[in-house]
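# Structural description and commentary
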Amino acid sequence: MIIFKTQEEIDFMAQGGKILAHVLDMVVLAVKPGVGTQELNDLAEKLISEKGGYPAFKGYKISPDDTPYPSTLCTSINDEVVHAPAVPDRILKEGDIIGLDIGVEYQGMFTDMARTVAVGEINDKAKKLLQVTQDALAKGIKQFKEGNTLADIGKAIQDYAEGHGYSMIRELVGHGVGKAVHEDPRVPNYFTEEAKKIKIKKGMTIAIEPMVNIGDWPLKVLADDWTYATKDGSLSAQFEHTVALDHDGNSIIITK
Ligand code: MF3
Ligand code: CO
């Protein structure tokens, strides 16, 4: 069931989203060769609590039989797609790309966002992947408006990324967000008939999160039981924003 939010709830989400965007900006500034994923995680945690929020992912279970997620920040490097926990002694190297995914709870409302960034200098292939994935998210957000369906979002993202020769991950999708980290509906990054049935309406709050691979789309789960990585070892990138259609009918990016 989709939970439509009141204007007041959307306003709280916008406050939380602003905090989240600031925290992620600060974490991105700290990314450089020689820094560890745990340090980035601890910085994020400190900044969130300074702003009166709570980490949304730490202790979270995506399904009831999961072990609780160990980190505040997901730190997915290179061929890792999403959900790599921060761990001590995992050090960033020049030329890596790192996906930083983070969620916050503020005034009882949840927001979710992600960016993938370069560690030092990266090669042109990786640069292009980051740019295309970020632009794919922008194309998707442009379709988030009253009267459209979720399929318009997925199709715009898919057409753009596949147009550059990349593949869209099928196993993971965007989602409703607000009262919890994950709510209905599913927001696929590719066209589906199911998404075509879901109209975008006032009060809808979703996380749009294209995950794009240079190679093929199938994934595997690593031994930590959390990290998704590409099966073929190809590089993967992700960008995510929480967006809302407010009660005036305006489409707004919550996490900025
Ligand atoms: N942003 C992530 C997603 O939508 C949420 C990660 S929850 C975690 O999948 F517990 F895996 F961190
Ligand atoms: Co998400």
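Please refer to the structure higher up on the page.
For clarity, every value in this text was computed on a predicted model and none was experimentally measured.

### Examining the nonpolar core
Formed by 29 residues in total, the largest nonpolar core has its most connected members in Phe144, Leu150, Ile153, Ile200, Met204, Ile206 and Ile208. When contributions to this core are tallied by element, the ones reaching two or more residues are helix H3 (124-142), helix H4 (150-163), strand S9 (205-208) and strand S14 (241-245). At 7 residues, the largest contribution of residues to this core is made by H3. Those residues in contact with Ile206 that lie beyond four places of it in its chain are Phe144, Leu150, Ile153, His175, Gly176, Val177, Pro185, Val187, His241, Thr242 and Val243. Listed in part, the 24 residues of the second largest apolar core include Val23, Val35, Leu40 and Ile98.

### Digging into the coordination of the cobalt ion (ligand 2)
The protein atoms that coordinate the cobalt ion (ligand 2) are Asp112 (OD), His175 (NE2), Glu209 (OE) and Glu240 (OE), at distances spanning 2.1 to 2.2 Å. Counting residues between consecutive donors of the cobalt ion (ligand 2) along the chain gives the motif D-x62-H-x33-E-x30-E. Linking Asp112 in strand S5 (residues 109-118) with Glu240 in the loop between strand S13 (236-238) and S14, this pair joins segments that are 128 residues apart in sequence. Taking relative accessible area as the criterion, Asp112 reaches 2% and is therefore assigned buried.

### A look at the pairing of strand S4 (residues 97-106)
The element S4 is extensively covered by neighbouring structure, given that 9 of its 10 residues are classed as buried. Relative to S4, strand S1 (residues 54-55) is paired through 2 bridges, and the arrangement is antiparallel. Along S4, the bridge assignment pairs Pro55 with Val104. As paired strands, S4 and S5 are joined by 10 bridges and run antiparallel to one another. Bridge pairing in S5 places Gly99 opposite Thr116. Linking S4 to S5, which pair antiparallel, is a turn of 2 residues; within it Gln107 sits at a positive phi near 50°.

### Here we look at the site of ligand 1
Not every one of the 13 residues close to ligand 1 is listed here, only the nearest: His83, Asp101, Asp112, His175 and Glu209. Note that an oxygen atom of ligand 1 is positioned 2.8 Å from one of the side-chain N or O atoms of His83. Separating an oxygen atom of ligand 1 from a side-chain N or O atom of His175 is a distance of 2.9 Å. For ligand 1, whose unbound accessible area comes to 330 Å², protein coverage reaches 96%. The class makeup of the residues in the shell around ligand 1 is 6 nonpolar, 3 polar and 4 charged.

Rules and cut-offs
- Residues numbered from 1 in each chain as written.
- Chains lettered and ligands numbered in written order.
- Predicted model: local features only at pLDDT ≥ 70, side-chain atom pairs only at ≥ 80, totals over all residues.
- Heavy atoms only, no water.
- Core = buried A, V, L, I, M, F, W, Y, C linked by side-chain atoms within 4.5 Å.
- Buried < 20%, exposed > 50% of the residue type's maximum accessible area, 1.4 Å probe, protein only.
- Helix = DSSP H or I, 4+ residues; strand = E, 2+ residues; numbered from the N terminus.
- Contact = heavy atoms within 4.5 Å.
- Donors = N, O, S within 2.8 Å, 3.2 Å for Na, K, Ca; no water.
- Pairing = 2+ DSSP bridges.
- Near = heavy atom within 4 Å.
- Polar contact = N/O pair within 3.5 Å; in protein donor to acceptor, adjacent residues only side chain to side chain.
- Areas by Shrake-Rupley, 256 points an atom, 1.4 Å probe, with all protein chains shown as cover.
- Nonpolar A, V, L, I, M, F, W, Y, C, P; charged D, E, K, R; others polar.

Interpretation in functional terms is not warranted from these geometric data alone.
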